[in-house]
Every structure is written in C-alpha cells, then in structure tokens.
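# Overview (structure and organization)
Here's the letter readout for the chains.
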Amino acid sequence: MRNLIAFPLLVLVVIFQSSIVSQIKLLNGYADLMLIVLAAWALQERVKSSWHWTLLACILLGFVSKMPWPVQVVGYLAVVFTAQVMQRRVWQAPLLAMFSVTLIGTIFMHLLSFAVLSLSGTTFSFSAVTGSITLPSLLLNIFFSIPIYALMRDLARWVYPSEVYE
C-alpha cells in the first residue's frame, strides 16, 4: 500500500510539470516541480521509500524531458541524498532544511545541466545562464517549496501513520 501511491502521484507531477508549471516562467527560469516533490518527500522523518520514488521519477521524466537521462538520475539522486542528510541533521527546522535542499538541488541540477550541454557543443555564457535561468528558477523553486512541503508532510502522515497516538 505504501509504495502504491508513488506511481500515480509522480505521473501527476510529471503531467502538471509539463503542462502547467512549465508555463510559469520568471525571465527564462522555470520551477522544477519534481525536484521539490522528491526533496520534500525525502525530508519526511518516517519515509523510507524516497530512493524508489527517485528512480521512478527519473524513469517517468526520461519520457518527457529533452535532458539526457543520466543527468536526471545523478541530479535527483544527489537531491534525495542531500535531503536525507539534512533530515537527520536539521530535523528541528524542517522548512530551513527544505529551503536548503531546494537551493542546493537547484544549483546542482543547473550546474550539471550546464556542464552536459557545454560538453555536447552548446555554447552558453555562464553569467547569462546564471542570471536569466538559474536564479529565477531558484526563486520559483523556493516559492513552490512551501506548499509542496506541506502537502508531502500530510501525505507522509497519511501513508506512514504514527504508532503512538498523540
């Protein structure tokens, strides 16, 4: 039951990302809804399935994204790893951890994407990419991280009910 929720939810995230969220732009930046969802899920204390969700998300994004599949796998696995490290160390300030993972994850994904695109022969100015894509994307990701964290926290409480009644 616990892992059955992952597939339909991640499919909805991919659909929502590619149809609606991709149209919400700030300069040339866009929000990465999957990064935020995976980070928020991995930051939940009771969740043990974040690695499964990440691999499933990478498979799903492989069908709709133009970015090479290994970039997504490495990037999202790094985001989930960072979230789990943060969850263990900054557990008393969950929103601070969410903002930190979103910041680190966004910058890492953009650096990784920039490196892969540069190696494939695409010429971009690093300062132009940083100013018109990365920083606006970071702002949008942080903006969306608050409600998504709350939704994923509620979902985790529903999927992994507490053993002790409060």
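Residues numbered from 1 in each chain as written. Predicted model: local features only at pLDDT ≥ 70, side-chain atom pairs only at ≥ 80, totals over all residues. Heavy atoms only, no water.

## Examining the overall build of the protein
- Along its length, the protein carries six helices and two strands.
- Going residue by residue from the N terminus, the α and β elements of the protein occur as α-β-β-α-α-α-α-α.
- Whereas a compact globule of 166 residues would reach a radius of gyration of roughly 15 Å, the protein reaches 16 Å, a difference of no more than 12%.
- Projected onto its principal axes, the C-alpha coordinates of the protein cover approximately 55 × 30 × 25 Å.
- A sequence separation of at least 24 residues applies to 75% of the contacts in the protein between residues at least 6 apart.
- A total of about 9500 Å² of accessible surface is found on the protein, and carbon and sulfur atoms cover 70% of it.
- One way to put it: in the protein the 9 positive side-chain charges average out to a point 8 Å from where the 5 negative ones average out. (Helix = DSSP H or I, 4+ residues; strand = E, 2+ residues; numbered from the N terminus. Rg over C-alpha atoms; globule rule 2.2 N^0.38 Å. Contact = heavy atoms within 4.5 Å. Areas by Shrake-Rupley, 256 points an atom, 1.4 Å probe, with all protein chains shown as cover. Lys, Arg positive; Asp, Glu negative; His and termini not counted. Charge placed at Lys NZ, Arg CZ, Asp CG, Glu CD.)

## Quick look at the packing of aromatic side chains
- Following the criterion strictly, the structure yields three aromatic pairs and no others.
- Centroid distance Trp41 to Trp53: 4.2 Å. Interplanar angle 15°. Geometry classified as stacked. Within this pair, whereas Trp41 is found in helix α2 (residues 33-42), its partner Trp53 is found in helix α3 (residues 50-64), the two being separated by twelve residues in sequence.
- Taking relative accessible area as the criterion, Trp41 reaches 0% and is therefore assigned buried.
- The class for Trp53 is buried, based on a relative accessible area of 0%. (Phe/Tyr/Trp six-rings, centres within 6.5 Å; stacked < 30°, edge-to-face > 60°. Buried < 20%, exposed > 50% of the residue type's maximum accessible area, 1.4 Å probe, protein only.)

## As for the nonpolar core
- One finds Met34, Trp41, Leu43, Trp53, Tyr76 and Met152 to be the most contacted residues of the largest nonpolar core, which totals 42 residues.
- Among the elements of the structure, α1 (6-19), α2, α3, α4 (69-89), α5 (94-119) and α6 (126-159) are those that each provide at least two residues to this core.
- At ten residues, α2 tops the list of elements feeding residues into this core.
- Excluding residues that lie within four positions of it along the chain, Leu43 makes contacts with Ala83, Met86, Gln87, Ala97, Met98, Val101 and Tyr149. (Core = buried A, V, L, I, M, F, W, Y, C linked by side-chain atoms within 4.5 Å.)

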